[in-house]
Structures are given as C-alpha cells and as structure tokens.
Amino acid sequence: LPERAAELVHHHLIQAAIDYDHARELNAFGKPVLVHIKIDTGMHRLGENCNNPTEIDKILRSPNLEVCGIFTHLCAADSTQADDIEFTKKQIHKFYILLDQLRQLGHTLPKVHIQGSYGVLNYPELQCDYARIGIALYGTLSSPDDKTKLQLDLRPVLALKAKVTL
C-alpha cells in the first residue's frame, strides 16, 4: 500500500507500480521510491493498460519514482496449444509496441522483463534484461506432464517426507 512507502524506502525495496493511480500515490510520498512498472498486455489482473502510453509516460516522469524496470506477465506461456501460443505472441507484440512508443516519447527504457519460468522455456528467443524464474527454481514444472519448447533436466531441489504413524 502507498501508506507503507516509508518501509519501501527504509528497506531499499522495489515496488511494482500496478497502474497510474498507484504510481501517483507512491509519488505523493515525496521521497524517491524504487519501482518497476507493471503493464497489462492481456491478463487483465494488474498493470497499466498497454494502450495507455500517456499514463505510462507520466509514471516515468514522476519526480519521486525511480523507475528501474518495466514488465508484463505472459499468462498463457505454460501452454503449447495453438490458441494460447497465438495469445502469448500477441501479448509480446503489444509489450514491444509500447516500449517503442515510450522510446519515441524520449525515454531511455529501464530494465525490461517479460518471462517467467514458462516464458523462458517456451519463448527462449526473447531478449530481456531479467527473467522472473519461479517454479523452475524448485526444479519442477507446474505439472509433471507439461511439455515445453526448451527441455531442461529439471530436478526437484527438495522433498517432503513423513512417516505415517496412525
């Protein structure tokens, strides 16, 4: 919550600015807050709409926000079904169009990230600054039957074992 911005600053934490209104509230704190701008390219859960470059421009120009990243979430990257691949490619395209629009507005882009575990495994050709690896860090996929474009020798890094006593 923007009311907790002092804790972000004190602990040197980076906050996801989930839309223009949220960013405006963080900016009102009056001290530099580190943020990554979340862009909605089709998941419709969080993020400033990718069709609002003017709002994103305002976030980037906010005097008390130190924007160190911009990202989106590929919500169907775990699927190899044709319609999901098509949807993911549209998300990627929308994101890169927005980045071009921001450059045209005179911005030097902060660090860019678009891939999670499945984004890396199914779209390894994407060139970004960061990847947000999640489930793959545990040496597994969401389901043992998942098929991915890039095949890695993932091995679980932990196990839960218990002896049944009753």
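Below or above, wherever it landed, is the structure these notes cover. (Residues numbered from 1 in each chain as written. Predicted model: local features only at pLDDT ≥ 70, side-chain atom pairs only at ≥ 80, totals over all residues. Heavy atoms only, no water.)

## Some details on helix H3 (residues 53-60)
Then step 1. Those residues of H3 lying buried are Pro 53, Ile 56, Asp 57, Ile 59 and Leu 60. The buried residues of H3 occupy an angular sector of 155° when the element is viewed end-on, so they sit on one face.
Then step 2. Those residues of H3 hidden inside the fold are in contact with helix H2 (20-27), strand S2 (33-40), strand S3 (48-49), strand S4 (65-71) and helix H4 (82-104). (Buried < 20%, exposed > 50% of the residue type's maximum accessible area, 1.4 Å probe, protein only. Helix = DSSP H or I, 4+ residues; strand = E, 2+ residues; numbered from the N terminus. Arc of directions from axis to C-beta. Contact = heavy atoms within 4.5 Å.)

## Focus: H2
Then step 1. Three or more residues of H2 are buried, namely Tyr 20, His 22, Ala 23, Leu 26 and Asn 27. Projected onto a plane normal to the axis of H2, the buried residues spread over an arc of 160° and lie on a single side.
Then step 2. Of the surrounding secondary structure, the elements contacted by the buried residues of H2 are helix H1 (5-10), strand S1 (14-17), S2, S3, H3 and S4.
Then step 3. Among the residues of H2, the N-terminal cap falls to Asp 19, whose side-chain oxygen and the backbone nitrogen of Asp 21 are separated by 3.2 Å. (Polar contact = N/O pair within 3.5 Å; in protein donor to acceptor, adjacent residues only side chain to side chain.)

## Focus on the pattern of salt bridges
Then step 1. A full pass over the atoms with the stated rule returns seven salt bridges.
Then step 2. For Asp 21, the salt bridge goes to Arg 24, with nearest N and O atoms at 3.0 Å. Of this pair, Asp 21 and Arg 24 both sit in helix H2, three residues apart, which is roughly one turn of that helix.
Then step 3. Of the residues examined, Asp 21 reaches a relative accessible area of 41% and is grouped as partly exposed.
Then step 4. Note on Arg 24: relative accessible area 42%, which makes it partly exposed.
Then step 5. Where Lys 58 meets Glu 55, a salt bridge forms, and the shortest distance between an N and an O atom there is 3.3 Å. Here Lys 58 and its partner Glu 55 are both found in helix H3, three residues apart, which amounts to about one turn of the helix.
Then step 6. For Lys 58, a relative accessible area of 37% corresponds to the partly exposed category. (Salt bridge = Lys/Arg side-chain N within 4 Å of Asp/Glu carboxyl O.)

## Examining a nonpolar patch on the surface
Then step 1. Where nonpolar side chains cluster on the molecular surface, the patch consists of Ile 133, Ile 135, Leu 137, Tyr 138, Val 157 and Leu 158 and spans about 590 Å² of accessible area.
Then step 2. Tracing the chain through its elements places Ile 135 in the segment after strand S6 (130-132).
Then step 3. Ile 135 sits in the partly exposed class, given a relative accessible area of 34%. (Patch = residues over 30% accessible without salt bridge, like charges linked within 9 Å, V, L, I, M, F, W, Y side chains within 5 Å. Areas by Shrake-Rupley, 256 points an atom, 1.4 Å probe, with all protein chains shown as cover.)

## Digging into the packing of H3 against H4
Then step 1. Here H3 crosses H4 at 60°, and the two axes come no closer than 10 Å. Taken together, the axes of H3 and H4 lie oblique to each other. With respect to the hand of their crossing, H3 and H4 are arranged in right-handed fashion. From H3, Pro 53, Ile 56, Asp 57 and Leu 60 reach across to H4, where they touch Leu 98, Gln 101 and Leu 102.
Then step 2. A class-by-class count of the residues in the contact of H3 with H4 yields five nonpolar, one polar and one charged. (Axes fitted to C-alpha atoms, helices over the stretch in contact; angles between N-to-C directions. Parallel < 35°, antiparallel > 145°, perpendicular 65-115°, else oblique. Left-handed = near helix turned anticlockwise from the far one by under 90°. Nonpolar A, V, L, I, M, F, W, Y, C, P; charged D, E, K, R; others polar.)

## Brief notes about the pairing of S1
Then step 1. Bridge count for S1 against S2 is four bridges, and the pairing is parallel. Bridged to Ala 16 within S2 is His 36.
Then step 2. What joins S1 to S2 is H2, and the crossover it makes is right-handed. (Pairing = 2+ DSSP bridges. Right-handed = clockwise from strand over helix to strand, strands pointing away.)

## Observations regarding the packing of aromatic side chains
Given two aromatic rings, one states the distance between the centres and the angle between the planes to describe the pair.
Then step 1. Enumeration over the complete set of coordinates arrives at one aromatic pair.
Then step 2. For the ring pair Phe 95 and Tyr 96, a centre distance of 5.9 Å and an interplane angle of 70° mean the geometry is edge-to-face.
Then step 3. Of the residues examined, Phe 95 reaches a relative accessible area of 0% and is grouped as buried.
Then step 4. Judged by relative accessible area, Tyr 96 falls into the partly exposed class, the value being 27%.
Then step 5. Above the plane of the ring of Tyr 20 lies Lys 58, whose end atom (NZ or CZ) is 5.3 Å from the centre. (Phe/Tyr/Trp six-rings, centres within 6.5 Å; stacked < 30°, edge-to-face > 60°. Lys NZ or Arg CZ within 6 Å of the ring centre and 35° of its normal.)

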